[in-house]
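Residue-level listing of the chains:
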Amino acid sequence: MAVKVSRTAGFCMGVRRAMERTLAERRDVEGTLYTLGPLIHNPQVLEILKKNGVVPVGTDEVRCGSTVIVRAHGVAPEALEALKEKGALVINATCPKVGRIQGMAKKASGEGKAVIIVGDRDHAEVKGILGHARGAGLCVSSLEEAVALRLDRPAILLAQTTFNEEEYEAIAAAMVRRFPGIEVLHTVCDATSRRQEEARRMAADCDAMVVVGGKNSANTMRLARIIASLGKPVFAVEDETELPPEAGRFRRVGVTAGASTPNWLIHRVAERLTEMQATGVAGLLWKTLAFLVRSNLLTGLSALGLALLSLVWQGFAPAFALLSVPPLYLFAVHVLNSFSEARAQEINEPAQRLFMQRHRRWLMPLAWAALALACAIAFLASPWVGLLTLSATVLGLLYQVRLPVARLSLAAIPGSKDLFTAGAWAVFIGWVPALTAMRELSQRSLLVSGVVFAMMMVRALAHDMKDLQGDRMVGKETLPIYLGQGASRALGALLIAVAAGLGAWAVAGGRFAAAGPLVLVLPLHALLYLWLFQSRRVTGGIAFSAVVDGCCPVLAALALFI
Ligand code: SF4
């Protein structure tokens, strides 16, 4: 049983750019923000945008002073002029590739040539290009329509960017035969061709395919038609709730998506399919894993594993306080964080959100009890550790509160949650044993906390990258949103290098008491899960969390045998 997610599925560059532009404007502009027509062809995304005050309008509805965003498909020059005449502030988010085609159409019409566009004549992109052809353009949608044309002057032939490339090639070949002088321009977007090509390859490899995207998205429906034409069962769904039961009965299912489908929808469909495929013993195992991940118990187990490793590396004998304070405190922090992220969770991990709502009655008291217990055990073990745990708890409680001096909360600082959480892991795993046993920090405890801090930052970055598009929709300021994806990847690589460097230094100098080489597994493990995510072998949810948090308990068990 397997679910394979297409690497090219989801937002293309043009849609992503328009989306980012819109969400950036949303942050800066007060009041309602308008898009000229629906920003993208995806009802789920449009619904969230509407809740955030981003509303689609027609040119006639635009009022003076409104901010209006032109979507990736672009518009005809007359529409732009009309907006400006109405006194609207226009933000042009036309995809640069579409802009290039508009330029080609304009140039050709200026040279007295006819502009023939192969595409869907009702699509906004085609209407926009026709506008730029200034009366010299006409649209054909099929081979029959194309060969029936009569041309009385030189012409260029171009395609809507999301048209089926094979079909366009066939139409172009027929047109060249009929009108030998016609200039054929290759304007099917490479993102579209790659997606269609990968869908064909996956369909050949899988027993069935699922196409995720809006039913009104032409390129999504085209993908479904391409797969159906290969004779493979195909399910076109807008989200995971539309998956029919039979989709779970196939052994190998491929998942692809149109250019206007966000990653979080693709991931939700892939996760639901995995869940549907898991029956019998596999189903029971999946449910157990899902419970451990969604309740954050796996994170608590990961903290327990790291706490044990820390004791081994620092040369302390396992003791109740040393093995209970870090997991109790860190488990509580992660549960409370989960409850505070309702809006983002509803988009990124709705199953997790549902779990938190259903189990709030016992999960919330359990988290508070774990926090209180961590403080009590810490005070009994050492006043220093008690004070440390209490201070960390107070800082956590003040995290969302607006500080009177700065007039902002710590939560408003971009990436602060990642930094504070990674800091808490570093301090509790690295410092607690040394402070309890020796009342001071040692080189070993600083080394352990350095490695743990770097690894927990990478963990947080990986989760943030996974949730990037959903987080952006709710205005969350995570590090990848603030720094950008490139800088975040570079930061992740640097942190892995730092952890590997510290680990290698500790191992080479015999600075750990025992099981030193195991520290080198941590950066390797981070590289593994980042690769799994980048290559879309694991897209998120239960599987991703299990891979990320499952390593430390295994390493701790190994350390006990070394
Ligand atoms: S499909 Fe290509 S041309 Fe069309 S909006 Fe996306 S990136 Fe731009």
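Please read these numbers as outputs of a predicted model, since none were measured by experiment.

A. Here's a closer look at the overall build of the protein. In terms of regular secondary structure, the protein is built from 25 helices and 12 strands. Across its three principal directions, the C-alpha atoms of the protein cover 95 × 55 × 45 Å. Buried residues in the protein amount to 55% of all 562 residues. In the protein, 71% of the contacts between residues at least 6 apart in sequence involve partners at least 24 apart.

B. Structural view of the environment of Tyr482. Within the element layout of this structure, Tyr482 appears in helix H21 (residues 479-483). Expressed as a C-alpha distance, the spacing of Tyr482 and Gly415, which sit 67 residues apart in the sequence, is 7.7 Å. Excluding residues within four positions of it along the chain, Tyr482 makes contact with Pro414 and Glu477.

C. Focus on helix H13 (residues 320-340). In a regular helix each residue adds 1.5 Å, so 21 residues correspond to 30 Å; H13 covers 30 Å between its end C-alpha atoms and thus fits that length. The buried fraction of H13 is high, at 16 of 21 residues.

D. Seen up close, the packing of helix H19 (residues 443-466) against helix H23 (residues 521-534). In contact at an axis separation of 10 Å, H19 and H23 are set at 5° when each is read in the N-to-C sense. Compared by their axis directions, H19 and H23 come out roughly parallel. Contact residues: Val451, Met455, Val458, Arg459, Ala462, Met465 and Lys466 in H19; Leu522, Pro523, Ala526, Tyr529, Leu530 and Phe533 in H23. Partitioned by chemical class, the residues of the contact of H19 with H23 number 11 nonpolar, no polar and 2 charged.

E. Local environment of the nonpolar core. Core analysis: the biggest nonpolar cluster contains 75 residues, and Leu306, Trp313 and Tyr329 have the highest contact counts within it. At 12 residues, the largest contribution of residues to this core is made by H19. If we ignore the near neighbours within four places in the chain, the residues touching Leu306 are Trp425, Ile429, Val452, Met456, Leu522 and Cys552. Counting 46 residues, the second-largest nonpolar core is a separate cluster that includes Phe11, Leu39, Leu49 and Ala208.

F. Looking closely at the site of the ligand. Around the ligand, the structure places Cys12, Met13, Gly14, Cys95, Lys97, Val98, Thr161, Thr162, Cys189 and Thr192. Elements with a minimum of two residues in the shell around the ligand: helix H1 (13-28) and helix H4 (96-110). Its residues assigned to classes, the shell around the ligand shows 5 nonpolar, 4 polar and 1 charged. When residues of the shell around the ligand are assigned to domains, at least three fall in each of domain 1 (12-94) and domain 2 (98-189).

G. How the structure looks around the pattern of salt bridges. Going through the model one piece at a time under the given rule, you end up with 24 salt bridges. Its salt-bridge partner being Lys113, residue Glu111 comes within 3.3 Å of it at the nearest N-O pair. Glu111 sits in the partly exposed class, given a relative accessible area of 44%. Each of Lys107, Glu111, Lys113 and Glu183 takes part in one network of salt bridges that share partners.

H. Broad picture of the sheet that holds strand S6 (residues 114-118). Pairing is parallel across the open sheet formed by 4 strands, whose spatial order is S7-S6-S8-S9. Unpaired on one side and paired on the other, strand S7 (137-140) and strand S9 (183-184) mark the two borders of the sheet. Across the face of the sheet, helix H5 (residues 124-132) comes into contact with S6, S7 and strand S8 (155-159) while running at roughly 155° to S7. Along the sheet face, helix H7 (residues 165-178) touches S6, S8 and S9 and points at about 170° away from the line of S8.

I. Region of interest: the sheet that holds strand S5 (residues 89-92). Taken in spatial order, the 4 strands make up an open sheet running S3-S2-S4-S5, and their pairing is parallel. Edge positions in the open sheet fall to strand S3 (54-57) and S5, since each of these has one partner strand only. For this sheet the average axis-to-axis angle between neighbouring strands, irrespective of direction, equals 30°. Pairing between strand S4 (residues 67-70) and S5: 4 bridges, direction parallel. By the bridge assignment, Val70 is partnered in S5 with Asn92.

J. The state of the cysteines, seen in detail. Counted by the stated rule, this structure contains 0 disulfides. Free of any disulfide, Cys139 has its nearest neighbouring cysteine sulfur in Cys189, separated by 18 Å. By relative accessible area, which is 10% here, Cys139 ends up buried.

K. View of the side chain of Asn42. Here Asn42 shows up in the loop between strand S2 (33-36) and helix H2 (43-51). There is a polar contact of 3.2 Å between the side chain of Asn42 and the backbone nitrogen of Gln44. Once residues within four sequence positions are removed from consideration, Asn42 is found in contact with Gly213, Gly214, Asn216, Ser260, Thr261, Pro262 and Leu265.

L. Expanded view of the pairing of S4. The alternating pattern of S4 places Thr67 and Ile69 on one face and Val68 and Val70 on the opposite face, and all of these are buried. Pairing of S2 with S4, which is carried by 2 bridges, proceeds in the parallel orientation. Paired with Tyr34 across the two strands is Val68, which belongs to S4.

M. Examining the domain arrangement of the protein more closely. Assigned domains of the protein: these are domain 1 (12-94), domain 2 (98-189), domain 3 (191-280) and domain 4 (289-561). For domain 1 versus domain 2, the distance between C-alpha centres works out to 27 Å. Residue-level contacts link 10 residues of domain 1 with 11 residues of domain 2. Buried area between domain 1 and domain 2, summed over both chains or domains, comes out near 680 Å², and the portion from carbon and sulfur atoms is 59%. In terms of surface lost to domain 2, no three residues of domain 1 exceed His73, Pro77 and Thr94, which account for 53% of the buried area on that side. For the pair domain 1 and domain 2, the interface holds 0 salt bridges.

About the thresholds
Residues numbered from 1 in each chain as written. Predicted model: local features only at pLDDT ≥ 70, side-chain atom pairs only at ≥ 80, totals over all residues. Heavy atoms only, no water. Helix = DSSP H or I, 4+ residues; strand = E, 2+ residues; numbered from the N terminus. Buried < 20%, exposed > 50% of the residue type's maximum accessible area, 1.4 Å probe, protein only. Contact = heavy atoms within 4.5 Å. Expected span 1.5 Å × (residues − 1). Axes fitted to C-alpha atoms, helices over the stretch in contact; angles between N-to-C directions. Parallel < 35°, antiparallel > 145°, perpendicular 65-115°, else oblique. Nonpolar A, V, L, I, M, F, W, Y, C, P; charged D, E, K, R; others polar. Core = buried A, V, L, I, M, F, W, Y, C linked by side-chain atoms within 4.5 Å. Near = heavy atom within 4 Å. Domains from an automatic or database assignment. Salt bridge = Lys/Arg side-chain N within 4 Å of Asp/Glu carboxyl O. Pairing = 2+ DSSP bridges. Disulfide = S-S within 2.5 Å. Polar contact = N/O pair within 3.5 Å; in protein donor to acceptor, adjacent residues only side chain to side chain. Buried area = accessible area lost by both parts, 1.4 Å probe.

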